[in-house]
Each structure stands twice: as C-alpha cells, then as structure tokens.
Amino acid sequence: MSTHSSNETKVLSKAYDLFLKKGYKHTTMDDIAMALGMSKKTLYKYYPGKLELLEASFEMLKTKMTSKVEAIKDNKYIPFPLKLKSTLTTIASYLAPINPELFADLREFAPELWSELRDYINESAYVRFHELILQGVEEGFVNPKLNVSLIVMLYASAVQSLIDPNFQAQFPELIVKNMTLSPAEIYDQAVSIIYQGVLTEEAREEFVKG
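This one's a predicted model, so the numbers in the text were calculated from it and none came from an experiment. (Residues numbered from 1 in each chain as written. Predicted model: local features only at pLDDT ≥ 70, side-chain atom pairs only at ≥ 80, totals over all residues. Heavy atoms only, no water.)

Caption draft 1: How the structure looks around the packing of helix H1 (residues 6–22) against helix H4 (residues 50–74). The contact between H1 and H4 brings their axes to 9 Å, and the two run at 100°. Classed by the angle they form, the pair H1 and H4 counts as roughly perpendicular. Here H1 contributes Thr 9, Val 11, Leu 12, Ser 13, Ala 15, Tyr 16 and Phe 19 to the contact with H4, which in turn contributes Lys 50, Leu 53, Leu 54, Ala 56, Ser 57, Phe 58, Met 60 and Leu 61. Taken together, the residues that form the contact of H1 with H4 break down as 11 nonpolar, 3 polar and 1 charged. (Axes fitted to C-alpha atoms, helices over the stretch in contact; angles between N-to-C directions. Helix = DSSP H or I, 4+ residues; strand = E, 2+ residues; numbered from the N terminus. Parallel < 35°, antiparallel > 145°, perpendicular 65-115°, else oblique. Contact = heavy atoms within 4.5 Å. Nonpolar A, V, L, I, M, F, W, Y, C, P; charged D, E, K, R; others polar.)

Caption draft 2: Main features of a negative patch on the surface. Taken together, Glu 52, Glu 55, Glu 112, Glu 116, Asp 119 and Glu 123 make up a surface patch of like negative charges. Residue contributions to the negative patch peak at 4 residues, all from helix H7 (residues 111–138). Structurally, Glu 55 is set in helix H4. For Glu 55, a relative accessible area of 34% gives the class partly exposed. (Patch = residues over 30% accessible without salt bridge, like charges linked within 9 Å, V, L, I, M, F, W, Y side chains within 5 Å. Areas by Shrake-Rupley, 256 points an atom, 1.4 Å probe, with all protein chains shown as cover. Salt bridge = Lys/Arg side-chain N within 4 Å of Asp/Glu carboxyl O. Lys, Arg positive; Asp, Glu negative; His and termini not counted. Charge placed at Lys NZ, Arg CZ, Asp CG, Glu CD. Buried < 20%, exposed > 50% of the residue type's maximum accessible area, 1.4 Å probe, protein only.)

Caption draft 3: Layout of the UniProt feature "DNA-binding region" (unreviewed entry) in the protein. With numbering matched to this structure, UniProt assigns "DNA-binding region" (unreviewed entry) to residues 28–47. Here residues 28–47 is 75% helix and 0% strand, with 13 Å between the C-alpha atoms at its ends. (UniProt positions renumbered as here; feature names shortened; annotations may be inferred.)

Caption draft 4: Focus on helix H6 (residues 100–109). Those residues of H6 that fall on the buried side of the exposure criterion are Leu 102, Phe 103, Asp 105 and Leu 106. Seen from one end, H6 has its buried residues packed into an arc of 160°, which puts them on one side. Of the residues in H6, the exposed ones pointing more than 90 degrees away from the buried face are Glu 101 and Glu 108. (Arc of directions from axis to C-beta.)

Caption draft 5: Broad picture of the UniProt feature "domain: HTH tetR-type" (unreviewed entry) in the protein. UniProt records the feature "domain: HTH tetR-type" (unreviewed entry) at residues 5–65, using the numbering of this structure. The distance from the first to the last C-alpha atom of residues 5–65 is 19 Å, and the span holds 79% helix and 0% strand.

Caption draft 6: Geometry of H1. When the terminal C-alpha atoms of H1 are compared, their 24 Å separation across 17 residues agrees well with the 24 Å that a helix rising 1.5 Å per residue should span. Turning to H1, its buried residues are Val 11, Leu 12, Ala 15, Tyr 16, Leu 18, Phe 19 and Leu 20. Where H1 is buried, its residues meet helix H2 (29–36), helix H3 (40–46), H4, helix H5 (80–95) and H6. Looking one or two places after H1, you find Gly 23, whose phi comes out positive at around 85°. (Expected span 1.5 Å × (residues − 1).)

Here's what the structure looks like:
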C-alpha cells in the first residue's frame, strides 16, 4: 500500500470521523469537504468518491492496528500477562468506536468492504491471538488444561458478535434492555473476562504484585 501525504491523511481521518458519527449512508462528500474546509472539487482530486474514501480510511485503520499489535507481540521486554492484555485492549480500542450502524451500512452499501473487514478482524483475532496464547502456555502463564482453539474462538466470537448488528436481536427483551454498555465498555469487559479466565493462578498473582 502506498504511503499517504499529510493532506491525504487529514482527509481520511476527517472522513473516518464522520463515518463513525453519522454512518456511511448519511455522510455525503459535501459533509466531508465542509468538515475539511475545502471545496468538493478539491476533495475529488484526492478520492473519486465516498466508497473509495471509506475503503482508504479502513486501510489506514488496519495498517495502524496491525503495526501496534505486531510491535506488542515482538517486544521481548513486556511480561506475558501485560502483552496479552495490551494486545486485547489495542484491538478493542480500534474496533470499539465502529458503531453497529456503520457496520449495518457496510453490509448494505459496501458488501465487499464489509467482507474484507471481517476477514481482517478474523485474521487479527485468530492468528495473532492464537500465537500469543500458545506462547503463554509454553511460558506457564496460560492454564495448559484449557483448549487453545476454544480460547481463540471465544475471543473471536466475542469480537464478531459485538460488532454484528443482528447479534443482539436474537436475545429476549429482558437481557437486551440491561445491556446498557457502550461498545468501548463492552470490549473492555469482554477483554477482562477472557484475560482473567485464561491466566494461571500464579500468573494472576505475579501480575497483581508486579
């Protein structure tokens, strides 16, 4: 992927902010141009349309997220429990702001992009997390009695379900009405549940002390 000029980065960041706030359907090229303080004609010099802008802004998101996750994974000086928590939290911090409306818009108006994004999230959830859990088992931080594939699937399904607009619809009203958490809070609690659940007793104690 080619590197962006600072102007392009500014355009993408502003467009992405608007997509997050208003969804894809309700964001227009006029809105984006106005937010940037530039003419629509100038905006079209950077990107030929709204779909290309959305695609490029997600590419930027994926690049940033991948480099952060890789940097945590490759850092030999971070103790494993912190590495696990940081990886989960980093992924969550990038995915939590993407509200269900934007995902619903993607499915309807940009199905290919929706599919690519889901594949990317799966890849981040499955492959990187799987490597990390295996490392944790080897180093004695993750409970060896737990099935590693199950841990990965639980995490991946938590990430997928929480961003799937149809997921909450299958639950009874009693449960849905008490789900008063923002996406960021949902991720934070899901991360904590998985994180606390997979560590060995010793790793938890050592990490609390540290």
